[in-house]
Amino acid sequence: NSRPLVHAILYGLPGTKKSTAAASWPTPGYVDFWDGYVWKDEPYVRTGDRVLDLGTGSAILAIAAAKLGARVLAVDIDPIALDNARENLDFNGVSNRVEVRCGNLDLVEESGFQVIVANIQRDVLVPMLGALRERLRPGGRLILSGILGREEAEIRAAVKLGLWGAPDIRSEGEWIGIVAARPA
């Protein structure tokens, strides 16, 4: 099947499915953004990569990264969301590639991640940019979504102030997504 991986996860194509309890499963627009931007056009996640999924929610990004061969640390502050994430990971046969933790970024002592993904609101993300940079290896990518287009100027300024490389920003309706690299 030539459909991109994230579509396979969301829409239940052969070999992949979601839990019936996945009330927070992403909308098609959200998935189309990640599908076209991260998983298909730019292969940011490769076999053997270490990926941090911060604010994992239903674990859709952790599932996609694990199916691409990455080892994933999925973190969320909501224990109910993590119950659903574990169920989705089990259903998709990737529980052995994803470690799930309840808490915030302070609980992530590891560093050297090749990719960090976060679908978290701007007001939460901006104060964490320095700590995220510390956990990302030089040359690694930070991929952010869940940001409104009207917040783009603030995000650009924060990324520049945090000494990231020039961000690549794409929009999907009223939402934007950002990829910034930690300079090597």
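Structure's up top.
What counts and how
- Residues numbered from 1 in each chain as written.
- Predicted model: local features only at pLDDT ≥ 70, side-chain atom pairs only at ≥ 80, totals over all residues.
- Heavy atoms only, no water.
- Helix = DSSP H or I, 4+ residues; strand = E, 2+ residues; numbered from the N terminus.
- Expected span 1.5 Å × (residues − 1).
- Bend = angle between axes of the 7 residues up to and from the residue.
- Buried < 20%, exposed > 50% of the residue type's maximum accessible area, 1.4 Å probe, protein only.
- Contact = heavy atoms within 4.5 Å.
- Lys, Arg positive; Asp, Glu negative; His and termini not counted.
- Salt bridge = Lys/Arg side-chain N within 4 Å of Asp/Glu carboxyl O.
- Pairing = 2+ DSSP bridges.
- Axes fitted to C-alpha atoms, helices over the stretch in contact; angles between N-to-C directions.
- Parallel < 35°, antiparallel > 145°, perpendicular 65-115°, else oblique.
- Left-handed = near helix turned anticlockwise from the far one by under 90°.
- Nonpolar A, V, L, I, M, F, W, Y, C, P; charged D, E, K, R; others polar.
- Core = buried A, V, L, I, M, F, W, Y, C linked by side-chain atoms within 4.5 Å.

## Describing helix 5 (residues 122-135)
Inference 1: Helix length check: helix 5, at 14 residues, gives a terminal C-alpha distance of 19 Å against a target of 20 Å (1.5 Å per residue), a fit within 8%.
Inference 2: When the local axis directions of helix 5 are compared, the greatest deviation, roughly 55°, occurs at leucine 129.
Inference 3: Residues of helix 5 that are buried include every one of Leu125, Met128, Leu129, Leu132 and Arg135, and no others.
Inference 4: Buried residues belonging to helix 5 abut strand 1 (50-54), strand 4 (113-119), strand 5 (136-148) and helix 6 (152-161).

## A word on the side chain of arginine 182
Inference 1: Positionally, arginine 182 belongs in the segment after strand 7 (175-181).
Inference 2: Here arginine 182 sits buried without a salt bridge, and the closest side chain of opposite charge, glutamate 134, lies 8.3 Å off (N-O distance).
Inference 3: The contact partners of arginine 182, leaving out residues within four places of it in the chain, are Arg133, Glu134, Leu136, Arg137, Pro138, Gly139, Gly140 and Trp164.

## Some details on the pairing of strand 7
Inference 1: Most of strand 7 sits out of view: six of its seven residues are buried.
Inference 2: Bridge analysis of strand 5 against strand 7 gives six bridges, and the strand direction is antiparallel. Across the sheet, leucine 144 pairs through a bridge with isoleucine 178, a residue of strand 7.
Inference 3: With five bridges connecting them, strand 6 (residues 168-172) and strand 7 associate as antiparallel partners. If you follow isoleucine 169 over to strand 7, its bridge partner there is isoleucine 178.
Inference 4: Hairpin connection of strand 6 to strand 7: two residues between the antiparallel strands, including glycine 173 at a positive phi of 65°.

## Quick look at the packing of helix 5 against helix 6
Inference 1: Look at helix 5 against helix 6: their axes get within 9 Å of each other, and the N-to-C directions meet at 10°. For the element pair helix 5 / helix 6, the angle class is roughly parallel. As for how helix 5 packs across helix 6, the hand of that crossing is left-handed. Counted together, Arg122, Val126 and Leu129 of helix 5 and Glu154, Ile155, Ala158 and Val159 of helix 6 form the full contact between these two elements.
Inference 2: Of the residues that constitute the contact of helix 5 with helix 6, the class distribution is five nonpolar, no polar and two charged.

## Thoughts on the nonpolar core
For soluble globular proteins, the rule of thumb is that nonpolar side chains tend to be buried together.
Inference 1: Within the largest apolar cluster, 26 residues are counted, with the highest numbers of intra-cluster contacts made by Leu52, Leu54, Leu129, Leu132, Leu142 and Leu144.
Inference 2: When contributions to this core are tallied by element, the ones reaching two or more residues are strand 1, strand 2 (71-76), strand 4, helix 5, strand 5, helix 6 and strand 7.
Inference 3: When residues no more than four places from it in sequence are discounted, the contact partners of leucine 144 are Ala118, Leu125, Leu129, Ile176, Gly177 and Ile178.
Inference 4: Within the second largest apolar cluster, 23 residues are counted, among which are Tyr44, Ala62, Ala70 and Val98.

## Observations regarding helix 3 (residues 60-67)
Inference 1: Burial analysis of helix 3 places seven of its eight residues in the buried class, the great majority of the element.
Inference 2: The complete set of buried residues in helix 3 reads Ile60, Leu61, Ala62, Ile63, Ala64, Ala65 and Ala66.
Inference 3: After helix 3 finishes, the residue glycine 69 shows a positive phi value of roughly 100°.

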